[in-house]
Amino acid sequence: MEPQPRGCGKLQSPPCKVLSGQLRHSASRQVRASGQEAWLLEREGSGRAPLDVSVVWMQGRVLDSRAQDNTTVQLRDETGTFTVTGAGAVPRGRPCISKGNYVMVMGILVSCSPEPLLRAVKVTDLSDDALHKSTWRLEVEDLQQNIP
């Protein structure tokens, strides 16, 4: 059974775009003054406050899927692998959880070590347009540099 994140009854909006390597190396779990837990991503060298990455938007190529925890999917972005649980129980258009497909996943961050683990909220197939994959790192960087 997957660990359940606490304090996620109210989801942040919008999800933060991140790469798996960033979560693996720079995210930490913090407890806010309210007692609610949050995942924070340090923006090293920027002088800006850490980003709340409790809810994330990630993209990657499907490496494997298993019928456990209502479909568990392993994906890879250009910085490493990450795992998504509950992908079979979320809204999505056409079937997209097939090996080799390039997908977008929005989800609740459950863990960052040894690799990021998300509980899916939404899954969408982006395989039809290579532009999604080729611009993803730039989108992530731009967003993180421009959020105050």
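Residues numbered from 1 in each chain as written. Predicted model: local features only at pLDDT ≥ 70, side-chain atom pairs only at ≥ 80, totals over all residues. Heavy atoms only, no water.

(A) The overall build of the protein, seen in detail. For the protein, the helix and strand inventory stands at 2 helices and 9 strands. Its helices and strands taken in sequence order, the protein reads β-α-β-β-β-β-β-β-β-β-α from the N to the C terminus. Put simply, the protein has 148 residues, and 45% of those count as buried. Pairs at least 24 apart in sequence give 59% of the contacts found in the protein among residues at least 6 apart. Accessible surface, the protein as shown: approximately 7900 Å² in total, 52% of it carbon and sulfur. (Helix = DSSP H or I, 4+ residues; strand = E, 2+ residues; numbered from the N terminus. Buried < 20%, exposed > 50% of the residue type's maximum accessible area, 1.4 Å probe, protein only. Contact = heavy atoms within 4.5 Å. Areas by Shrake-Rupley, 256 points an atom, 1.4 Å probe, with all protein chains shown as cover.)

(B) Just the nonpolar core, in detail. Ranked by size, the top nonpolar core spans 26 residues in total, and within it Val18, Leu23, Val53, Val84, Leu118 and Val123 carry the most contacts. Where this core is concerned, the elements lending two or more residues are strand 3 (37-41), strand 5 (55-66), strand 6 (72-77), strand 7 (80-85), strand 8 (102-111) and strand 9 (117-125). Core analysis: the next-biggest nonpolar cluster, separate from the first, contains 7 residues, Tyr102, Met104, Trp136 and Val140 among them. (Core = buried A, V, L, I, M, F, W, Y, C linked by side-chain atoms within 4.5 Å.)

(C) Quick look at the sheet that holds strand 4 (residues 51-52). Taken in spatial order, the 3 strands of this open sheet run 2-3-4, and their pairing is antiparallel. Edge strands, defined here as strands with exactly one partner in the open sheet, are strand 2 (27-31) and strand 4. Bridge count between strand 3 and strand 4: 2 bridges; the pairing is antiparallel. When the sheet's bridge partners are listed, Leu41 is paired in strand 4 with Leu51. (Pairing = 2+ DSSP bridges.)

(D) Local environment of the side chain of Asn101. Relative to the helices and strands, Asn101 resides in the loop between strand 7 and strand 8. Side-chain polar atoms of Asn101 contact the backbone oxygen of Cys96, separated by 3.0 Å. With residues near it in sequence (within four places) discarded, Asn101 still touches Gly60, Arg61, Val62, Cys96, Asp125 and Ser127. (Polar contact = N/O pair within 3.5 Å; in protein donor to acceptor, adjacent residues only side chain to side chain.)

(E) Molecular detail of the pairing of strand 8. For strand 8, a buried count of 10 out of 10 residues is recorded, marking the element as mostly surrounded by other parts of the structure. Sheet topology places strand 8 next to strand 9; 8 bridges connect them, and they run antiparallel. Bridge pairing links Met104 to Thr124 in strand 9. What sits between strand 8 and strand 9 in their antiparallel hairpin is a turn of 5 residues.

(F) Region of the structure containing the pairing of strand 2. Bridge count between strand 2 and strand 3: 5 bridges; the pairing is antiparallel. Pairing of Ser28 across the sheet is with Leu40, part of strand 3.

(G) Quick peek at the packing of aromatic side chains. For the structure on display, the rule yields 1 aromatic pair. The interplanar angle of 25 degrees and the centroid separation of 6.2 Å between the aromatic rings of Trp57 and Trp136 together place this pair among those described as stacked. Taken together, the residues span a long stretch of sequence, with Trp57 in strand 5 and Trp136 in helix 2 (residues 131-146) at a distance of 79 residues. One residue, Lys17, lies across the ring of Trp57, its end atom 4.6 Å from the ring centre. (Phe/Tyr/Trp six-rings, centres within 6.5 Å; stacked < 30°, edge-to-face > 60°. Lys NZ or Arg CZ within 6 Å of the ring centre and 35° of its normal.)

Any functional reading would require information that these geometric values do not contain.
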